[in-house]
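# Observations on chain architecture
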Amino acid sequence: MTIKGVLFDFSGTLFRIEPTEAWLRAVADDLGVPFADEELARAAAGLERVGAMPGGTVPVSVPAPLAELWAQRDRSAEQHRAAYTGVAREVALPDPRLYDALYERHMTPEAWRPYGDSAEVLAGLRGRGVRVAVVSNIGWDLRPVFRAHGLDAYVDAYVLSYEHGIQKPDPRLFALACEALGADPRDTLMVGDDRRADGGAAALGCAVHFVDHLPADRRPHALRPVLDLAGRGEASKTSSNTCGL
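Numbers given to residues run from 1 along each chain, matching the order in which its sequence is written. A pLDDT threshold of at least 70 governs which residues receive local features in this predicted model, and a stricter bar of 80 or more applies before side-chain atom pairs are shown or counted, although totals over entire chains, interfaces and linings include all residues. Based on all heavy atoms of the structure, the side-chain values leave hydrogens and waters out of the count.

### Things to note about the pairing of strand S4 (residues 131-136)
Relative accessibility decides the category of a residue: with a 1.4 Å probe and only protein chains considered, values under 20% of the type maximum give buried, values over 50% give exposed, and everything between is partly exposed. Helix and strand definitions follow DSSP, with helices as H or I runs of at least four residues and strands as E runs of at least two, each counted in order from the N terminus. The element S4 is largely enclosed, with a buried count of five among its six residues. Pairing between two strands requires that DSSP report at least two bridges joining them. Pairing between strand S1 (residues 5-8) and S4: four bridges, direction parallel. Considered in S4, the bridge of Val 6 is made with Val 132. Across four bridges, S4 lies against strand S5 (residues 157-160) in parallel orientation. Pairing of Ser 136 across the sheet is with Leu 160, part of S5. One crossover worth recording links S4 to the parallel S5 by way of helix H7 (residues 143-148), and it is right-handed. By convention a crossover is right-handed if, when the strands point away from the viewer, the path from the first strand over the helix to the second runs clockwise.

Here it is in structure tokens:
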């Protein structure tokens with residue numbers, strides 16, 4: 001096959017969210033909420049345990065009253081916010097303003113860091129004439145993140161679950177992305193970190209390549225094989241962790 005289009009997941013693939021403690025500290029400082037270091041570390045660990053940070057760790061378990069909402073959280077902006085602020089409220093925080101403020105923080109460009117090879121790979125694909133789409137399960141507009149980090153110029157289309165009411169692994173979301181690129185799914189490569197969600201592209205006929213969802217400083221070169229795959233028209237599969245947005 002000849003790769004004519006590449007679909008990328010967002011969180012855990014091209015970008016990584018800030019550490020949980022940094023997320024909580026930034027919001028607490030902005031609101032003027034005092035937090036001793038030990039207290040902040042405990043609260044951050046609790047937020048990680050319940051999966052309160054979008055793009056962070058998956059919940060150890062989801063409370064039964066939130067289970068249905070959580071399963072469909074990426075289908076609309078309202079469901080996404082309700083799901084994440086809902087699980088966050090399972091953790092006691094010293095000021096109730098923190099819950100909504102934490103959610104707002106994660107939507108800012110400052111909360112995200114591109115992986116070290118994201119710009120290199122996206123620019124390389126653009127230089128080869130390979131069209132690129134970002135396909136994300138998400139509840140908000142991530143385009144400002146790409147613009148702020150100088151990567152928007154390399155993306156031809158954004159296909160976001162909340163804008164279509166469809167979430168991965170539903171093949172229809174990948175079909176919309178291929179259509180936006182004018183690419184046949186059989187000539188398209190999907191790159192993501194979640195075997196279940198991103199692997200849904202295979203049902204459409206796309207090749208799929210997986211990367212690990214790791215902190216940015218622990219995964220400096222994992223995207224570079226995409227250039228080789230696109231260059232030789234082949235696709236391989238690597239191991240992945242299931243955590244994604």
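Having put the structure on the table, let's press on.
### So, unusual backbone geometry
Negative phi values dominate among residues other than glycine, just as trans dominates among peptide bonds. Note that the residue after Lys 168, namely Pro 169, is joined by a cis bond; omega there is 15°. Inspection of the secondary structure puts Pro 169 in the loop between helix H8 (161-164) and helix H9 (171-181).

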